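If you want the building blocks of each chain, they are given just below.
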Amino acid sequence: MDKNGKIKGKFSIIDIFVIIIAAVLVAGIAVRYGAKATTAVKSSEEFECVLNVNNVREFTVKALEKKGVITDKKSEVELGEIIDVEVGEAEFQSTTADGRIIMTKLPDRYNCKVKIRAKGKVSEDAYVMNDSNELSVGRNMDIFSKYVKTSGEIISVEMIEK
């Protein structure tokens, strides 16, 4: 060390501390984010999810019953396909003159349970479709196919065992 505090006239002790702190910071960022990115997605899987599509007309029911491939709205990437449709009459709550709440059938309206087989990935926290939409109960999912464009609420999600 010379009289100015530099090692061999080129580096000071402060320079060495700054280099060490920068190296530790870079290593910490690499460990924190590098390891997470490689373990976040575990595998590519197939899922079956069931959607409630409520209060639709007969036209939409017939279009759903044609089944078909569902795609992403913008990129038209294939996400999966409709494999089953259960149709029931649409009902809503109404109040009678004496104050009772009863279920009343809606004429020409239907509720459908649509089963979709989709491709995606399993992450640590969720099932994720190939378009990055999370498959979880209670979320709304848009259905876009050659025959129908509608949406429904996801009521169940299951991974298909291979």
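Residues numbered from 1 in each chain as written. Predicted model: local features only at pLDDT ≥ 70, side-chain atom pairs only at ≥ 80, totals over all residues. Heavy atoms only, no water.

Participant: Teacher, can you tell me more about the pairing of strand 9 (residues 140–144) here?
Facilitator: A regular strand places its side chains on the two faces of the sheet in alternate fashion. Sheet analysis places strand 9 next to strand 10 (residues 149–159), joined by five bridges and oriented antiparallel. Paired with Asn140 across the two strands is Glu153, which belongs to strand 10. Connecting the antiparallel pair strand 9 and strand 10 is a turn made up of four residues. (Pairing = 2+ DSSP bridges. Helix = DSSP H or I, 4+ residues; strand = E, 2+ residues; numbered from the N terminus.)

Participant: I'm lost on the pattern of salt bridges in this one. Help?
Facilitator: By the definition in use, this model includes six salt bridges. With a shortest N-O distance of 2.3 Å, Arg117 and Glu48 are connected by a salt bridge. Of this pair, Arg117 sits in strand 6 (residues 101–123) while Glu48 is found in strand 3 (residues 41–56), placing the two residues 69 residues apart along the sequence. For Glu48, a relative accessible area of 17% puts it in the buried group. (Salt bridge = Lys/Arg side-chain N within 4 Å of Asp/Glu carboxyl O. Buried < 20%, exposed > 50% of the residue type's maximum accessible area, 1.4 Å probe, protein only.)

Participant: Help me understand the environment of Ile155 in this model?
Facilitator: As for its position among the elements, Ile155 is in strand 10. Here the alpha-carbon distance between Ile155 and Asn140, two residues 15 residues apart in the chain, equals 9.5 Å. In this structure Ile155 touches Val50, Asn52, Lys113 and Val137, once residues within four positions along its chain are discounted. (Contact = heavy atoms within 4.5 Å.)

Keep in mind these numbers describe shape, not what the thing actually does.
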